[in-house]
Every structure is written in structure tokens, then in C-alpha cells.
Amino acid sequence: MYLTELLSKRVFDKNNKDLGKVRDVIITPDKKYPVIEAIKIKIQGERFFIPSTQVEKVDGDRIILKNEIDTITEFPHIRSNIRLSKDILDRQVVDMEGSNIRRVNDVEISYKSGKFYIIGVDIGVNGLFRRLGMGRLSKKIHHDDNIISWNDIDSLDFTNLKLKVSKEKLTRLHPADIAEIVDGLGISDSMNILNSLDEESAADAFEEISPEKQKTILTEMGKKEAAELIDEMSPDDAADLLASISPEKKEEILRLMDPEESLELRELLEFPENTAGGIMTTEYAAVEGDLTTGEVFKELRKIANDVETLYYIYVLSKEGYLEGVITMRELLIHDSEDLIYDYMNKDFVALNVNEDEDEVAKIVAKYNLIAVPVIDDEDVLKGIITVDDAIDIILPTAWKKRIPRMFR
């Protein structure tokens, strides 16, 4: 049986008195598979909860009671009780398998040993059709129901139903999938999911969340918690986010961050948002020019986890001036003893930190670059702009967080 079917039945007492249709059913949430405790009806405009122990039988479209309604003691309705129709139908379920949010269209019920048990929630199309009175037609087209076992429901706050899922399983989802789930949840549930992840995974997912939701979550977070999250984010994304919140909150977060990370972000925040300096990231691969190919590979192994892309490696003087660029392909085809200064590209394209963002996008597109270095007026390398950041410039704001980070 399904809840929608139960709600269509009329209730009759022992003397065959018609008490009206079932309005709702009451369960308690403290069992693996909860039992229906009471049936809600209305008698002369007043709600009345009939204990399920008073049900003699369910016959077709009728529910027959054991006694006359005047002799039945009402079931005590308390706040901890769940009303299936009001509290569960149309609520959202975080579906970790599908990496999205689904709506509860119906509730599956099973009868055993004189009791009605709640088996699961139906998030499929059949449940929706049953509510429209077209259950039989739907079953002919869609043979299988899409049922989530009640035992897999983690907690009920009646804003969202959340599925039980291990931290390991959640972490295995792509950050964009986690972000899509979080974007569809309320602030409390969003923060619960982020808090269940390790710092790196939480930061990766947070970077994919819509800018509006990012700002709201960060504002609601505690200062220390927010600082730890920002610490793990890519510098360019972290700077963009901090620039969008109040100066007071921004300063509090920066003070609590790792001093080195904080200084890096403060420098990025000094650049206007629509300039190369405001777009760039400071996570790039750079080495000095007096190294051999083999020595460069050793250096790259040390910094690989901390850079945005390893496609380009930037060659610097001891003073930090940008002298050349080499690609990973060039490293692979040269002998380990070859000096990179001898084969690096000295005729490279670079952008000034004050270059307008529109010019940034044009340069990246014109030269088909995966990343472009950003230098100051003295040719000191300050950061890089990757192609996904350049694409962000020409796309509408709503699409900015949908660009895949292809080049990490």
C-alpha cells in the first residue's frame, strides 16, 4: 500500500458510521521502520486522531474500526510525531547515488502482524502519477518504482530528508556534484554537508557553489571555520569571495588565516576586480633557469599539489623576473642533463597586472593559451590566468561557476 492510496479511503466505525476520509497518518520516528500510530480524520470540523490499534481491517476503499467512535480514546498527538502527508510528501531527498535532490512523491507502507509499517519513500514518477489518480496507467509505462528505504533516511527536519551516507562515499562524488546538492539545500543542511567533508574536499566543493550561496554560507559560518575554508581554496576564488562580503567580516577572516595565505590574499585584493591582477591566481609552477631538466622534474614533484596547472612552467631569474616559459611536453622530450635555459621559450606572451579583463580574454583566445603569465611593471611574475578564468569573463555571471577546472 502507498500513503496516497491510504489517504483516499473513508473511515467507518463499528456501527458503519461514515467518519470521513483519512486526512493524514501519524508515525513516531524512533524506529528502523516506523509503525503508523494513528489516523487523522475530521469530525464536525475538529481533528481527531484514531489509534491504529482501533483498526479492524482495511477493506477496498474503506477502513473499518473495532469500536464506535464515541468510545474511542484519541491518540495523544505530540510534537515529536510525524504526519506523513504534511511532513514528508513533497519534501526533498538528497540522493547521493544520483548526485542531486529529488522530491518525495509518495510513501510505501507494508502491513504485517496487525501493524502498518513505513517501508520507504517513493521519489519516482509512479508516486507522482498515483497522487494524480493515474497510478495504474503509470505502472503500465514505468514498471519499477523508485523507492528509498526508510532505513536509509538519516534525519528528518521536515525541510529536507537526508540520506545516510558515509563520509568516504560523499567524498567520492565530484566537487561539482556536491555543489549541485548544496545549492539546492537550505543553509543549515548545506553547512552540515560541507562540515562532513575533509578541509580539501570541502574547499573544492565550495568553489563550485553558486556565488550567491557561497556568500550566504560564508556569512553564516563562524569566523574560525570560515578562515579554515578560505585557507584551502584557490587564491583567485578566495579573493573573489572575500571581496563580496562586508569589510568587517573579511578582515576578521584574514586575521585568523595562515599568515602566508592571508598576505597572499591581501595582495590579490589590492587589484581591481576587472583587471588581470584581480583575476589571476598565485598558484603556478616556477623554477630558476640554471636547472637541468632532471632537476626541474624533482622541483615539480615538490610543488605539484599546490599549483593550478602544470602545463606551463615559468622560468625566473633569482630576482623573480620572468625570463621564459617551457611546456611539460618540452621537458619530456629533452634529456635530464639539458639546461632548461637553452630550450625555454624566451618569446612569450604576458599580461600586465593592470590589464583590463576584456583584453585578458582576447589574448588567451588569440594565442590559444591554456594559461598566461601576469607580470608587474618590472617584469616580476605575480600570477597566472588560466583559460577557465578567461572564459568566466565572457560568460554571464550565472554560468561562471559551471566552468570545469580542466587544467589542474
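Reading guide: rules and limits
Residues numbered from 1 in each chain as written. Predicted model: local features only at pLDDT ≥ 70, side-chain atom pairs only at ≥ 80, totals over all residues. Heavy atoms only, no water. Helix = DSSP H or I, 4+ residues; strand = E, 2+ residues; numbered from the N terminus. Buried < 20%, exposed > 50% of the residue type's maximum accessible area, 1.4 Å probe, protein only. Contact = heavy atoms within 4.5 Å. Areas by Shrake-Rupley, 256 points an atom, 1.4 Å probe, with all protein chains shown as cover. Salt bridge = Lys/Arg side-chain N within 4 Å of Asp/Glu carboxyl O. Pairing = 2+ DSSP bridges. Axes fitted to C-alpha atoms, helices over the stretch in contact; angles between N-to-C directions. Core = buried A, V, L, I, M, F, W, Y, C linked by side-chain atoms within 4.5 Å. Arc of directions from axis to C-beta. Polar contact = N/O pair within 3.5 Å; in protein donor to acceptor, adjacent residues only side chain to side chain. Right-handed = clockwise from strand over helix to strand, strands pointing away. Patch = residues over 30% accessible without salt bridge, like charges linked within 9 Å, V, L, I, M, F, W, Y side chains within 5 Å. Lys, Arg positive; Asp, Glu negative; His and termini not counted. Charge placed at Lys NZ, Arg CZ, Asp CG, Glu CD.

Asker: A description of the overall build of the protein chain should follow, citing residues and the corresponding values.
Answerer: Per the secondary structure count, the protein chain includes 19 helices and 21 strands. Counting over 408 residues, the protein chain shows a buried share of 45%. Taking contacts inside the protein chain between residues at least 6 apart in sequence as the whole, the part at least 24 apart equals 57%. Approximately 21,300 Å² of the protein chain is accessible, and the part contributed by carbon and sulfur atoms is 47%.

Asker: With reference to specific residues and values, describe the pattern of salt bridges.
Answerer: Taken as a whole, this structure holds 5 salt bridges when the rule is applied. In this structure, Glu-288 and Lys-318 form a salt bridge, with 3.2 Å as the shortest nitrogen-oxygen distance. Here Glu-288, found in strand E16 (residues 286–288), pairs with Lys-318, found in the loop between strand E17 (312–316) and strand E18 (322–327); they are 30 residues apart in sequence, far enough to count as distant. Residue classification places Glu-288 among the partly exposed positions, given a relative accessible area of 33%. Measuring nitrogen to oxygen at the nearest pair gives 3.7 Å for the salt bridge that ties Lys-318 to Asp-290. You can see Lys-318 sitting in the loop between E17 and E18 and its partner Asp-290 sitting in the loop between E16 and helix H15 (293–303), a full 28 residues away along the chain. Using a relative accessible area of 64% as the deciding quantity, one classes Lys-318 as exposed. Judged by relative accessible area, Asp-290 falls into the partly exposed class, the value being 47%. Each of Glu-288, Asp-290 and Lys-318 takes part in salt bridges that share partners, so that together they form one network.

Asker: How would you explain the sheet that holds strand E6 (residues 55–59) if you had to name every residue and give the values?
Answerer: One open sheet accounts for 4 strands, arranged E2-E1-E7-E6; its pairing is mixed. At either margin of the open sheet sits one strand with a lone partner, and together these are strand E2 (18–21) and E6. Each strand axis lies, on average, 20° off the axis of its neighbour in the sheet, ignoring direction. Pairing between strand E1 (residues 10–12) and strand E7 (residues 62–65): 3 bridges, direction parallel. Residue pairing in the sheet places Phe-12 in a bridge with Ile-64 of E7.

Asker: An account of the nonpolar core is needed here, citing residue identities and associated values.
Answerer: Counting residues in each nonpolar core, the largest one holds 60 residues, and the members touching the most others are Ile-230, Ile-253, Leu-265, Tyr-314 and Ile-385. Excluding anything up to four places from it in sequence, Ile-230 contacts Leu-218, Ala-238, Leu-241, Leu-242, Ile-253, Met-257 and Leu-265. In this structure, Phe-48, Ile-63, Ile-148 and Trp-150 belong to the second largest nonpolar core, which totals 32 residues.

Asker: Got a sec to walk through helix H10 (residues 223–232)? Specific residues and values, please.
Answerer: All of the buried residues along H10 are Ala-226, Ala-227, Leu-229 and Ile-230. For H10, the arc enclosing every buried residue in end-on projection is 165°, short of the 170-degree limit, so these residues lie on one face. In this structure, the buried residues of H10 make contact with helix H8 (199–208), helix H9 (211–220), helix H11 (235–243), helix H12 (247–256) and helix H13 (259–269).

Asker: Run through H13, naming residues and quoting values.
Answerer: What H13 keeps buried is the set Ser-262, Glu-264, Leu-265 and Leu-268. Across the axial projection of H13, the buried residues extend over an arc of 160°, all falling on one side. Exposed residues lying more than 90 degrees from the buried face of H13 are Pro-259 and Glu-260. Buried-residue contacts for H13 involve H10, H11, H12 and helix H14 (276–279). Two to three positions downstream of the cap, the backbone nitrogen of Glu-260 sits 3.1 Å from a side-chain oxygen, assigning the N-cap of H13 to Asp-258.

Asker: So what about the pairing of E17? Which residues, and what values?
Answerer: Burial of E17 is extensive: 5 of the 5 residues sit out of reach of the surface. Neither face of E17 is left uncovered, since the one carrying Tyr-312, Tyr-314 and Leu-316 and the one carrying Ile-313 and Val-315 both have all their residues buried. Regarding the hand of the β-α-β motif, the stretch spanning E16, H15 and E17 is right-handed. With 5 bridges joining them, E17 and E18 adopt antiparallel strand pairing. Counterpart to Val-315 in the pairing with E18 is Gly-324.

Asker: Hey, could you go over a negative patch on the surface for me, with residue numbers and the actual values?
Answerer: On the surface, Asp-198, Glu-199, Glu-200, Glu-228 and Glu-232 cluster together to form a negatively charged patch. Residue assignment for the negative patch shows that the elements contributing at least two residues are H8 and H10. With respect to the helices and strands, Glu-200 occurs in helix H8.

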